[in-house]
Amino acid sequence: MSLTDRELTVARDAKGFMPDDEGLALHAAGCDGGRIGPLLEIGSYCGKSGVYLGAAARECGTVLFTIDHHRGSEENQAEWEHHDPEVVDSRTGRMDTLPFFRRTVEAAGLESVVVGVLGDSPTVGRYWTSPVGFLFIDGGHAEAVAMADYTTWANHVLAGGVLAIHDVFERPEQGGQAPFHVWQRAVADGFTPLATTGSLRTLRR
Ligand code: SAH
Ligand code: MG
């Protein structure tokens, strides 16, 4: 199972926060969970991780749903560490990553596989009922936001399915602690740790 040359090139060139080794590990985890059911991502941004996961969905004959309001997390806003002025809508001064996401998915040839869901994660979650084989949590990294994504979505992962969490740092000097707290909560809830690649951690339900 692997990405096509086109998918790999587009994934590597896209704006985002996913080093290639973690992206390839994410793809492998997506192929694992994709055997059980559809893939779901929280935090699409410009589609970079969505290409690694969309390729996995394509290979499994399933789809990737990816949720984002495309207005950026707190840490993506101006004056913050992960801000990119190119994704600001000059008309309003607000972030808008949707056009970038759309172009990335188009360039990768994954429009029939990657289903963008435009909206606030807990709001979408209030109405969501479909089980998934794979869940990737990579939305807002503030404590309450990351934990809300976990409590909203983790219950939808089928037995044998895979949960992936990004930006997990055990020590505060490495980075924010919220994703690590989400990982600890998942373990406490009975998810079994599978693998660690950089800051990407995977677990099985
Ligand atoms: N997975 C992407 C990066 C995601 S960055 C990659 O690796 O390329 C985090 C994203 O989460 C941002 O695009 C932001 O808009 C989104 N986000 C943050 N809080 C959200 C919320 N409550 N609902 C929907 N999206 C949210
Ligand atoms: Mg991330």
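See the structure above.
Caption draft 1: Here's a closer look at the site of ligand 1. The environment of ligand 1 is made up of 21 residues, and the closest members are Gly43, Ser49, Asp68, Ser121 and Asp138. At 2.7 Å, a side-chain N or O of Asp68 approaches an oxygen atom of ligand 1. Within the contact set of ligand 1, a nitrogen atom lies 2.8 Å away from a side-chain nitrogen or oxygen of Asp138. Burial of ligand 1 by the protein chains amounts to 95% of its free accessible area of 590 Å².

Caption draft 2: Representation of helix α2 (residues 20-34) in the model. Relative to the 21 Å expected for 15 residues at 1.5 Å per residue, α2 spans 20 Å between its end C-alpha atoms, a close match to the ideal helical length. All of the buried residues along α2 are Glu22, Gly23, Leu26, His27, Ala29, Gly30, Cys31, Asp32, Gly33 and Gly34. Contacts made by the buried residues of α2 are with β1 (39-42), α3 (48-60), β6 (132-137), β7 (157-165), β8 (192-197) and β9 (200-204).

Caption draft 3: Molecular detail of the packing of helix α1 (residues 5-13) against helix α4 (residues 98-108). The geometry of α1 relative to α4 is characterised by a closest axis approach of 8 Å and an angle of 155° between their N-to-C directions. Put simply, α1 runs roughly antiparallel to α4. Contacts between α1 and α4 involve Arg6, Glu7 and Val10 on the former and, on the latter, Thr104, Glu106, Ala107 and Ala108. In terms of residue class, the contact of α1 with α4 is made up of three nonpolar, one polar and three charged.

Caption draft 4: A look at the coordination of the magnesium ion (ligand 2). Surrounding the magnesium ion (ligand 2) are the protein donor atoms Asp138 (OD), His166 (ND1) and Asp167 (OD), which sit 2.2 Å from the metal. The class of Asp167 is buried, set by a relative accessible area of 17%.

Caption draft 5: Seen up close, the sheet that holds strand β2 (residues 64-68). Across the sheet, seven strands lie side by side as β5-β2-β1-β6-β7-β9-β8; this open sheet has mixed pairing. On the outer flanks of this sheet lie β5 (114-118) and β8, each paired with one strand and no other. If you compare each strand with its neighbour and ignore which way they point, the axes differ by 20° on average. Inspection of the sheet shows β2 paired to β5 by five bridges, in the parallel sense. Its bridge partner being in β5, Ile67 is matched across the sheet by Val117. Packing against the sheet, helix α7 (residues 178-188) makes contact with β6, β7, β8 and β9, and its axis sits at approximately 15° to β9.

Rules behind the numbers
Residues numbered from 1 in each chain as written. Chains lettered and ligands numbered in written order. Predicted model: local features only at pLDDT ≥ 70, side-chain atom pairs only at ≥ 80, totals over all residues. Heavy atoms only, no water. Near = heavy atom within 4 Å. Polar contact = N/O pair within 3.5 Å; in protein donor to acceptor, adjacent residues only side chain to side chain. Areas by Shrake-Rupley, 256 points an atom, 1.4 Å probe, with all protein chains shown as cover. Helix = DSSP H or I, 4+ residues; strand = E, 2+ residues; numbered from the N terminus. Expected span 1.5 Å × (residues − 1). Buried < 20%, exposed > 50% of the residue type's maximum accessible area, 1.4 Å probe, protein only. Contact = heavy atoms within 4.5 Å. Axes fitted to C-alpha atoms, helices over the stretch in contact; angles between N-to-C directions. Parallel < 35°, antiparallel > 145°, perpendicular 65-115°, else oblique. Nonpolar A, V, L, I, M, F, W, Y, C, P; charged D, E, K, R; others polar. Donors = N, O, S within 2.8 Å, 3.2 Å for Na, K, Ca; no water. Pairing = 2+ DSSP bridges.

Keep in mind these values describe shape, not function.
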